[in-house]
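Each chain is listed here by its residues.
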Amino acid sequence: MGILTEERVKINVFETAGENCCVAACDGQKVYEIIKAALCENKKIELSFAYVNELTPTFLNSAIGQLYGCFPAEQIESNLLFMDISEEDEIILKRVIERAKTYFEHAYTCRKALKDVLGGEDA
């Protein structure tokens, strides 16, 4: 679980996921839920990857990528700090973030265009 300390939530991925191999989307979802709650309260978040031996894009898409569909990139990037992450895993993380930004930016644009053409509510 996240620990609240002076408006800062500390999340240990290993403890939250329950494993040192963070590969499953369902484990990433656990991390996402804690981050999302903290971002809704505009809190700072320290996400530690200490003791994580394996990290996959699937896990990161679930834990981090989907945040970009709910929050502005600026809010995420100013409030979420990544700690104890290896260089190799940081490369994967950066790729996941860039893809999520692109995906959600295009998804919003497509929904808006569809709404403009069809009128009414979002598709």
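This is a predicted model, so every value here is computed, not measured.

Asker: Just checking my understanding: could you explain the overall build of the protein chain for this structure?
Answerer: Scanning the protein chain for helices and strands turns up 5 helices and 6 strands. Order of helices (α) and strands (β) in the protein chain, N terminus to C terminus: β-β-α-β-α-β-β-α-α-β-α. Its C-alpha atoms give the protein chain principal-axis dimensions of about 50 × 30 × 20 Å. Per-residue burial for the protein chain yields a buried fraction of 38% across its 123 residues. Put simply, of all contacts in the protein chain between residues at least 6 apart along the chain, 75% involve residues at least 24 apart. Summing over all exposed atoms, the protein chain offers an accessible surface of approximately 7,400 Å²; the carbon and sulfur share of this is 53%.

Asker: Got a minute to help me understand the UniProt feature "domain: DUF4325" (unreviewed entry) in the protein chain in this structure?
Answerer: If you check UniProt for "domain: DUF4325" (unreviewed entry), the listed places come out as residues 27–89 in our numbering. Measuring from the first to the last C-alpha atom of residues 27–89 gives 17 Å, for a span that is 49% helix and 17% strand.

Asker: What is the right way to read unusual backbone geometry from this model?
Answerer: Backbone geometry at Tyr51 places phi at a positive 75°, although glycine is not the residue there. Its place among the elements puts Tyr51 in the loop between strand E4 (44–48) and strand E5 (54–55). In this structure, Asp84 takes a positive phi of about 55° despite not being glycine.

Asker: What is the right way to read the pattern of salt bridges from this model?
Answerer: Two side chains that carry opposite charge are able to pair once their charged atoms sit near each other. Counted under the stated rule, the structure contains 6 salt bridges. In this structure, Glu77 engages Lys101 in a salt bridge whose closest nitrogen and oxygen atoms are separated by 2.7 Å. Of this pair, Glu77 sits in helix H4 (residues 73–79) while Lys101 sits in helix H5 (residues 87–118), and the two are 24 residues apart along the sequence. Its relative accessible area of 24% is what places Lys101 among the partly exposed residues. When the shortest N-O distance is used, the salt bridge between Glu90 and Lys94 registers 3.9 Å. Here Lys94 and Glu90 lie together in helix H5, a separation of 4 residues that amounts to about one turn. For Glu90, a relative accessible area of 32% puts it in the partly exposed group. Residues joined in a network through salt bridges with shared partners are Glu77, Glu98 and Lys101.

Asker: I'm lost on helix H2 (residues 25–40) in this one. Help?
Answerer: Owing to its 3.6 residues per turn, the α-helix aligns residues three or four sequence positions apart on the same side. Across its 16 residues, H2 extends 22 Å between first and last C-alpha, which sits within 8% of the 22 Å expected from 1.5 Å per residue. The set of residues buried in H2 consists of Asp27, Gly28, Val31, Tyr32, Ile34, Ile35, Ala38 and Leu39. Lining the buried residues of H2 we find strand E2 (8–12), helix H1 (13–17), E4, helix H3 (57–63), H4 and strand E6 (80–83). Just downstream of H2, Asn42 is the residue with a positive phi angle, here 55°.

What counts and what doesn't
Residues numbered from 1 in each chain as written. Predicted model: local features only at pLDDT ≥ 70, side-chain atom pairs only at ≥ 80, totals over all residues. Heavy atoms only, no water. Helix = DSSP H or I, 4+ residues; strand = E, 2+ residues; numbered from the N terminus. Buried < 20%, exposed > 50% of the residue type's maximum accessible area, 1.4 Å probe, protein only. Contact = heavy atoms within 4.5 Å. Areas by Shrake-Rupley, 256 points an atom, 1.4 Å probe, with all protein chains shown as cover. UniProt positions renumbered as here; feature names shortened; annotations may be inferred. Salt bridge = Lys/Arg side-chain N within 4 Å of Asp/Glu carboxyl O. Expected span 1.5 Å × (residues − 1).

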